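As a plain string of letters, each chain reads:
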Amino acid sequence: MEGTSLLWLLFLTSLLSCTTNQASLTVSPSSSQMFEGQFVSLNCEEDDSSAGWTLRRNTTREIRTQCGKDWGRSAGSSCNISHIASWQGGVFWCESREGATSNPINISVTGGPVILQSPVLPVMEGDDVSLHCKTKTPPSNLTAAFYKDGSLIRTEPTGHMTIHHVSRSDEGLYKCHIGSHGESPPSWITVTGGILSAGKPTTTAPPTSAAPPTASNSLQFVFRLLYHLVMFCPYCISTVLMVSLYRQRSTGNNLPVSMVMTPPTQAEQGLDGDYDDVIGDVTTEHHF
């Protein structure tokens, strides 16, 4: 019973050791598309400031570069970019000293005249989503046509479109077009599952007919997987070693089988007595 309790304690300790602090990355202005030369601020909203979160990014030119050292200006858990360039678009995320990572945000930067302001984070199923087709120069509230996966949804005279009570069918690649200015780059909008009666979120893969997320997201996923493996392996190894030591200690108190002594039986004692009598008789017969 004591051994089972110790094993459970070791198991729970390993699980608790594997938990890491979390952070959520936000961006201002809240948009997945930015104009070239625009001011951008990113912030790690952290559960524990002692974790030491750092802003990093992947671009087409650089991998895992750090804010304040390679780009931007670091201010605590925030990072400010005064004039973002078109090549600086990519995947941004927060990273702790222990290797834990936040949600990634994909930001595209364009030198064109039109952008589509859309959510930077996945949208919860059932929520309302607002899209804004915006021009670099005023006025910004112009008639715009909105497209999803290359097909026209509708035209809005103010450049704003709201999708009420989004569902999985609303997930896809969106863009907008203003006739007198031009077309925005496309942006992927992700819709996460609602809550089932059992309290578990639903998840489904994006449709194969729609354009997949960028390759930078896949690279970021590989980095996160490697970090979690590196963090988890030492705890597994230490647990195995502690269990092995405990087993050796529990079995070390038992004597080997060859060393166990059993008392002689009565039959064996009788045989020993008869043997002594025979020896005594033989000895007596040889004395003259």
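Structure: above.
Note that the structure is predicted; figures quoted are calculated from it, not measured.

### What to know about the pairing of strand E7 (residues 78-81)
As paired strands, strand E3 (residues 40-46) and E7 are joined by four bridges and run antiparallel to one another. Its bridge partner being in E7, Asn43 is matched across the sheet by Ser78. Examined bridge by bridge, strand E6 (residues 73-75) and E7 share three bridges and lie antiparallel to one another. Residue pairing for E7: Ser74 is matched across the bridge by Cys79. What sits between E6 and E7 in their antiparallel hairpin is a turn of two residues, with Gly76 showing a positive phi close to 70°.

### Section: the packing of aromatic side chains
The description of an aromatic ring pair rests on the distance of the ring centres and on the angle between the ring planes. Counted according to the given criterion, the structure contains one aromatic pair. Ring centres of Trp71 and Phe92 lie 5.7 Å apart, and the angle between their planes is 80°; this geometry places the pair in the edge-to-face category. Note that Trp71 is positioned in the loop between strand E5 (65-66) and E6 and Phe92 in strand E8 (residues 90-95), a separation of 21 residues in sequence. For the pair shown, Trp71 and Phe92 are each scored as buried.

### Describing the sheet that holds E3
Ordered in space as E1-E3-E7-E6, the four strands form an open sheet in which the pairing is antiparallel. Two strands close off the open sheet at either side, each with one partner strand: strand E1 (23-28) and E6. On average, each strand axis in the sheet is tilted by 20° relative to the strand beside it, whichever way the strands run. Pairing of E1 with E3 involves six bridges; the strand directions are antiparallel. Opposite Ser24, over in E3, you have Glu45 as the bridge partner.

### Concerning empty space enclosed by the protein
By the definition in use, this model includes one cavity of 30 Å³ or more. In terms of lining residues, the largest cavity is bounded by Val123, Val129, Ile163, Val166, Asp170, Tyr174, Ile189 and Val191. Of the residues contributing to the lining of the largest cavity, the split by class is seven nonpolar, no polar and one charged.

### So, the sheet that holds strand E15 (residues 160-163)
The strand order across the open sheet built from three strands is E10-E12-E15, with neighbouring strands paired in antiparallel fashion. Strands at the two margins of the open sheet, each flanked by one partner only, are strand E10 (114-117) and E15. Each strand of the sheet is rotated relative to its neighbour by a mean of 15°, with strand direction disregarded. Bridge analysis of strand E12 (residues 129-135) against E15 gives four bridges, and the strand direction is antiparallel. Bridging from a neighbouring strand, His132 pairs with His160 of E15.

### Quick look at the state of the cysteines
For the structure on display, the rule yields three disulfides. The disulfide partner of Cys67 is Cys79, and the gap between their sulfur atoms is 1.9 Å. On the sign convention where negative is left-handed, the bridge of Cys67 and Cys79, at about 95° about the S-S bond, is right-handed. Taken together, the residues Cys67 in the loop between E5 and E6 and Cys79 in strand E7 connect sequence positions twelve residues apart. Among the residues examined, Cys79 registers a relative accessible area of 0% and is labelled buried. Disulfide pairing is shown between Cys133 and Cys176; the S-S distance is 2.1 Å. Looking along the S-S bond of the Cys133-Cys176 disulfide, the torsion reads about 80°, which is the right-handed sense. Of this pair, Cys133 sits in strand E12 while Cys176 sits in strand E16 (residues 172-178), and the two are 43 residues apart along the sequence. A residue is classified by how much of its surface remains accessible, and Cys133, at 0% relative accessible area, is buried. Here the protein pairs its bonded cysteines, counted in sequence order, in the arrangement 1-4, 2-3, 5-6.

### So, the side chain of Lys148
Tracing the chain through its elements places Lys148 in strand E13 (residues 144-148). A polar side-chain atom of Lys148 sits 3.1 Å from a polar atom in the side chain of Asp149. One polar contact links the side chain of Lys148 to the main-chain carbonyl oxygen of Ser169, over a distance of 3.4 Å.

Conventions adopted
- Residues numbered from 1 in each chain as written.
- Predicted model: local features only at pLDDT ≥ 70, side-chain atom pairs only at ≥ 80, totals over all residues.
- Heavy atoms only, no water.
- Pairing = 2+ DSSP bridges.
- Helix = DSSP H or I, 4+ residues; strand = E, 2+ residues; numbered from the N terminus.
- Phe/Tyr/Trp six-rings, centres within 6.5 Å; stacked < 30°, edge-to-face > 60°.
- Buried < 20%, exposed > 50% of the residue type's maximum accessible area, 1.4 Å probe, protein only.
- Axes fitted to C-alpha atoms, helices over the stretch in contact; angles between N-to-C directions.
- 1 Å grid on protein atoms, 1.4 Å probe; cavity = no way out; pocket = protein on both sides within 12 Å on 5 of 7 lines; lining within 4 Å.
- Points joined across faces, edges and corners; volume = space filled by probe spheres on them.
- Nonpolar A, V, L, I, M, F, W, Y, C, P; charged D, E, K, R; others polar.
- Disulfide = S-S within 2.5 Å.
- Polar contact = N/O pair within 3.5 Å; in protein donor to acceptor, adjacent residues only side chain to side chain.

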